[in-house]
Amino acid sequence: MANIIDVPKTRINCSMLSQHINRPVCFVGRVEKVHPTGKTFTLSDGEGKTATVELNEPLEEELSGVVEVVGMVSNKGVIMASFYNMLREDKGNLFDIQLYNEALKLIHDFPQHYPFEGAASG
Amino acid sequence: MAVRLTEGAVEALMKGTPLSNTVLQLLNTKKIGNEMTRIRVIMSDGVHSSASFLLASHLNHLFDGNQLEPYCVCLVKKVSISTLKDGRPVISIVDIEVLKSADEVEDKIGNPVSYNSNGLSSSQEGADSSTPPLKSEVELGNTFSPKSNKTSPQKHLSSTPPSTSSEHRKFNFKSNNKTPSPQKPFPSGSSTSTGRPGPYSRESTPSPSKGRGRGFTGKSPMKSADASPGSATKVIPISALNPYQTKWTIRARVTNKSKERTWSNSKGEGKLFSFEIVDESGEIKITAFNNEVDKFFSLVEPGKVYYISKATLKVANKQFNTLKHEYEMTLHTHSSIVPCDDGDGVPDVHCDFVPISELEQREKDTILDVIGVCKSAEDVSRITTKSSREVSKRAINLMDSSGKVVTATLWGEEAEKFDGSGNPVVAIKGARLSDFGGRSLSALFSSTILVNPDIPEAFRLRVWFDGEGHAVDSQSLTEARSVGSGARMNWKTLSDVKTEHMGHGEKADYFSCVATLVYIRKENCLYRACPSSNCNKKVLDQHNGLWRCEKCDRDYPDFQYRLLLSANLADFGDNQWVTCFQETAEVLLGHSAQRLGQLRDTDEEAFNEVFQKASFKTHIFKNRVKLETYNDETRVKVTVLEVLPVDYIEYSRRLIRNIHKMSPQLDLSEEQG
């Protein structure tokens, strides 16, 4: 999974999960519930739908707010995370997830203008 | 060719029900009228056919363009039914669309029998159905009264009161044979008139006298339906009002009434007032001028229901009329407004509320309706307008169940009497959306402000607010610190400066852009300036500890460091050299000129670091661009007037909006390859 960093990852939301099975994706969502084991949690996207994320190791910190997860989509539609990124909202930067969703839809509506499989130089 | 006709439609229409969107087959057409062409059509629903259909004159082009050939199947989208004095209907087709052309259909669908308006169906000729029914229909139809026509488009369309039958006489069907009784079954093929055009010839004397012009009724239809509503005419919905129908009555509630206003222009002067009415089907604006103002101003009260009939309909002037109705009404001498006691069922107000969260997606300057709980209201303040008028204004904050808040500005009396205590539910109908401070609303002269209105939406909000709403952390669409002081931001990209030849005109051009600072000239960014306030002239070193200012014509013991920055901005398309004066330079560098002057003289490394840090930062730049000549060289000079941080959410929204706006063009260019 180490080379997932070098590979172009499509940004998706929940409705696009099924089309990206076994592909590397980048999912941004708001933390809903964290499993007590800390190895899995759910995120809600800009449309209000929920996706499940699974980690290799349990979480070592408190997860809250908006998180960006990079990983592969499993057959069951679960995101197997390679790494994640918490967006700090405390500095007054409010992340507008609905706006993000709007932009996401546009990216997918116009693939000719937003190519994902771009020159993936090593 | 299987296409389903709306069976039963002809019967329903003939009985007076103004059905919309019926699928009917056109059996035949006939051009009638001499000076004013009208097209009469025989329509069938497969069960019945009728020649009581008339094409509204604005659709004549369909006939002229041969689109209405016999047997074509049409979608009769909208009709307007009026009744002759003898009770027979005239169905005026106001909107029609050909679904299948005559070539595609080829044949008559079903076996329609001619529907007689008194319910009797009579048999028709068999095979060759075109000619004979038309002739017999001719006899039925020749009692047409011209009331459905106001469309002498040559002159009288606007506000001439239709009671002057000068219009009506243009539209006169008088039969040469005596009025046959409608009871008579259609004699097959026997037409007592010589040929077809006969019955529709105009009456010889187009005299303006009210009675004669009508033909058979002997009375002006205007006189028939008197002030007593419901006697001859039945109530029609507001949505069915159109200029092609003169005999109607509506029952509606007044929602909005303006004050009496006078005007005086080159064409003359007078007074007017207007009001808006609503019923279950929609709303429409009514205006009264001069005499009618005196007659109706005190009678019309907002909130009350009235029967209104006899007024002029014309196309709505969207400049002053923000309602959705295609037409608007003007009262005239014969207009009748009678209070109605039974206002049940007539809604109080017709609003299409836009959720506050959606306001960001809407274009500025659109007129819309909003409803929300007044979370807070400022005190009323008085301001003086450009025209030196003093007016009261009050800003109130409205929040709805989306949790978003928007600031609405009330003016004048509304502002003064508004009471925000108790967090009332406020509905504003016809407010203007502005991009002041992001998104905000302004009540217009024509807006209606309703406090705690009696509508379900208001109750829903009340329940929500009392329950959880009052504790919600709201997000305001209207920033307290408005970006750009409310001025319209003219957003451009740097390449636009060259492609649009900005600054080449006589006056300077102003624009805003999002750009990144890619280079800042460190050398000569500071100069020594005159210390007196407001004089920024460079001072000359007298070498005796004094500094001379030419402008003030004085020597000073010290100076002030001031910034004059030359920088290069870039975006995805282009780059641009700009000049930043003191204020904007300080914002970009993050330090005062004084401090920078100090650093330059003392700590060069720290001085350089300031410039390092400032580079490659993105900001919103508000600029002024002008062509200037200096020593024989003419160049476009850009000066930065203001530097603002990029509000990414606002920027993102703007980009998304622009993409949406451009997307139809994008789709097209894709199709073309």
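Residues numbered from 1 in each chain as written. Chains lettered and ligands numbered in written order. Predicted model: local features only at pLDDT ≥ 70, side-chain atom pairs only at ≥ 80, totals over all residues. Heavy atoms only, no water.

### Observations regarding the overall build of chain B
In step 1: When you go through chain B residue by residue, the secondary structure sums to 13 helices and 30 strands.
In step 2: Contacts spanning at least 24 positions in sequence make up 63% of the contacts within chain B whose residues lie at least 6 apart. (Helix = DSSP H or I, 4+ residues; strand = E, 2+ residues; numbered from the N terminus. Contact = heavy atoms within 4.5 Å.)

### Re the packing of helix α11 (residues 593-602) of chain B against helix α12 (residues 604-614) of chain B
The description of two packed helices rests on the angle between their axes and on the distance between the axes.
All names here are of chain B.
In step 1: Viewed as axis vectors pointing N to C, α11 and α12 meet at an angle of 135 degrees, and their least axial separation amounts to 6 Å. Relative to α12, the element α11 lies oblique. Counted together, L596, L599, R600 and T602 of α11 and E604, A606, F607 and V610 of α12 form the full contact between these two elements.
In step 2: Partitioning the contact of α11 with α12 into residue classes produces 5 nonpolar, 1 polar and 2 charged. (Axes fitted to C-alpha atoms, helices over the stretch in contact; angles between N-to-C directions. Parallel < 35°, antiparallel > 145°, perpendicular 65-115°, else oblique. Nonpolar A, V, L, I, M, F, W, Y, C, P; charged D, E, K, R; others polar.)

### Observations concerning the packing of aromatic side chains
In step 1: Under the definition given, this model contains 9 aromatic pairs over all chains.
In step 2: For the ring pair A:F95 and A:Y100, a centre distance of 5.7 Å and an interplane angle of 50 degrees mean the geometry is tilted.
In step 3: An angle of 80 degrees between the planes, with centres 5.1 Å apart, marks the rings of B:F559 and B:Y561 as edge-to-face.
In step 4: An aromatic cluster of at least three residues, connected via ring pairs, comprises B:F273, B:F275 and B:F297. (Phe/Tyr/Trp six-rings, centres within 6.5 Å; stacked < 30°, edge-to-face > 60°.)

### Considerations on the sheet that holds strand β25 (residues 554-556) of chain B
All names here are of chain B.
In step 1: Strand order in the open sheet formed by 3 strands is β23-β24-β25, with antiparallel pairing between adjacent strands. Bordering the open sheet on either side are β23 (540-541) and β25, each of which pairs with just one other strand.
In step 2: Bridge count for β23 against strand β24 (residues 547-549) is 2 bridges, and the pairing is antiparallel. Counterpart to L540 in the pairing with β24 is R548. (Pairing = 2+ DSSP bridges.)

### Here's the deal with the confidence of the model for chain B
Parts of the model with low pLDDT should not have their predicted coordinates read in detail.
All names here are of chain B.
In step 1: Averaged over all residues, the pLDDT of chain B equals 77, while 78% of them reach at least 70.
In step 2: Contacts of residues 119-232 to residues separated by more than four positions or lying in other chains number 215 contacts, the stretch itself having pLDDT below 50.
In step 3: Low pLDDT, under 50, characterises residues 480-487; the predicted model gives this stretch 11 contacts beyond four residues in sequence or across chains.
In step 4: This prediction of the complex comes with two scores: 0.43 for pTM and 0.85 for ipTM. (pLDDT = per-residue confidence, 0-100.)

### Describing the interface of chain A and chain B
In step 1: Opposite the 10 residues of chain A that make contact, chain B presents 11 residues.
In step 2: Note on chain A versus chain B: buried area summed over both sides is about 920 Å², and carbon and sulfur give 67% of it.
In step 3: Of all residues in chain A, the largest losses of buried area upon contact with chain B belong to A:L99, A:L106 and A:F110, amounting jointly to 50% of the total for that side.
In step 4: Summed over the shared surface of chain A and chain B, the result is 1 salt bridge.
In step 5: Residue B:R653 pairs with A:D96 through a salt bridge whose shortest N-O separation is 2.8 Å.
In step 6: Looking at the side of chain A that touches chain B residue by residue, the class counts come to 6 nonpolar, 2 polar and 2 charged. (Buried area = accessible area lost by both parts, 1.4 Å probe. Salt bridge = Lys/Arg side-chain N within 4 Å of Asp/Glu carboxyl O.)

### Some thoughts on the state of the cysteines
Residues and elements named next belong to chain B.
In step 1: In the structure shown here, the tally under the stated rule is 0 disulfides over all chains.
In step 2: Just so you know, C74 is unpaired, no disulfide at all, and the nearest cysteine sulfur is the one on C72, 3.6 Å from it.
In step 3: Judged by its relative accessible area of 0%, C74 is buried. (Disulfide = S-S within 2.5 Å. Buried < 20%, exposed > 50% of the residue type's maximum accessible area, 1.4 Å probe, protein only.)

### Looking at the pairing of strand β3 (residues 40-44) of chain A
For a regular strand, side chains alternate in direction, first toward one face of the sheet and then toward the other.
Residues and elements named next belong to chain A.
In step 1: Across the 5 residues of β3, 5 count as buried, placing the element largely inside the fold.
In step 2: Taking every second residue as pointing to the same face, both faces of β3 are buried, with T40, T42 and S44 on one and F41 and L43 on the other.
In step 3: In this structure, the hairpin formed by strand β2 (residues 24-34) and β3 is closed by a connection of 5 residues, where G38 is found at a positive phi of approximately 80 degrees.
In step 4: Relative to strand β4 (residues 50-54), β3 is paired through 5 bridges, and the arrangement is antiparallel. Within β4, the position partnered with F41 by the bridge is V53.

### With respect to the pairing of strand β15 (residues 381-384) of chain B
Residue and element names in this part refer to chain B.
In step 1: Where β15 meets strand β16 (residues 390-399), 4 bridges bridge the pair, whose relative direction is antiparallel. Each residue of the ladder has a partner; that of T384, found in β16, is E390.
In step 2: From the end of β15 to the start of β16, which pair antiparallel, there are 5 residues, and S388 there has a positive phi angle of about 60 degrees.

### Digging into helix α1 (residues 97-109) of chain A
Residue and element names in this part refer to chain A.
In step 1: Here α1 contains 13 residues, and its C-alpha end-to-end distance of 18 Å stays within 8% of the 18 Å for a straight helix at 1.5 Å per residue.
In step 2: The set of residues buried in α1 consists of I97, L99, Y100, N101, L104, L106 and I107.
In step 3: Where α1 begins, the side chain of D96 points an oxygen toward the backbone nitrogen of Q98, at a separation of 3.2 Å. (Expected span 1.5 Å × (residues − 1). Polar contact = N/O pair within 3.5 Å; in protein donor to acceptor, adjacent residues only side chain to side chain.)

### A short note on the sheet that holds strand β29 (residues 618-630) of chain B
Residues and elements named next belong to chain B.
In step 1: Strand order in the closed barrel formed by 5 strands is β21-β27-β28-β30-β29, with mixed pairing between adjacent strands. Direction aside, neighbouring strands of the sheet carry axes that sit 55 degrees apart on average.
In step 2: Sheet topology note: the β29/strand β30 (residues 633-644) ladder contains 11 bridges and is antiparallel. Considered in β30, the bridge of V625 is made with V638.
In step 3: Together, β21 (509-520), β27 (565-570), β28 (575-580), β29 and β30 form the strand contacts of helix α10 (residues 582-589), whose direction differs from that of β30 by roughly 60 degrees.

### A word on the side chain of B:S92
In step 1: Assignment of secondary structure puts B:S92 in strand β5 (residues 89-100).
In step 2: Look past the residues within four positions of B:S92 in its chain and what remains in contact with it is B:R38, B:L54, B:A56, B:K78, B:V79 and B:S80.

### Brief notes about the environment of B:I367
Residue and element names in this part refer to chain B.
In step 1: Looking at the element boundaries, I367 is found in strand β14 (residues 367-377).
In step 2: The exposure class assigned to I367 is partly exposed, which follows from its relative accessible area of 34%.
In step 3: If we ignore the near neighbours within four places in the chain, the residues touching I367 are T322, G430, A431, R432 and L444.

### Some thoughts on the pattern of salt bridges
In step 1: Inspection of the entire model under this criterion finds 23 salt bridges over all chains.
In step 2: Here A:K105 makes a salt bridge to A:E102, at a shortest N to O gap of 3.9 Å. Placement of both A:K105 and A:E102 in helix α1 is noted, with a separation of 3 residues, approximately one turn of the helix.
In step 3: Residue classification places A:K105 among the partly exposed positions, given a relative accessible area of 34%.
In step 4: Note that B:E633 and B:R635 form a salt bridge whose closest N and O atoms lie 2.8 Å from each other.
In step 5: Taking the relative accessible area as the measure of exposure, B:E633 reaches 41% and is therefore partly exposed.

### Regarding unusual backbone geometry
In step 1: In this structure, A:N22 takes a positive phi of about 65 degrees despite not being glycine.
In step 2: Here A:N22 shows up in the loop between β1 (10-12) and β2.
In step 3: The class for A:N22 is exposed, based on a relative accessible area of 52%.
In step 4: Positive phi, normally seen in glycine, also occurs at B:N524, with a value near 60 degrees.
In step 5: As for its placement among the helices and strands, B:N524 is situated in the loop between β21 and β22 (526-529).

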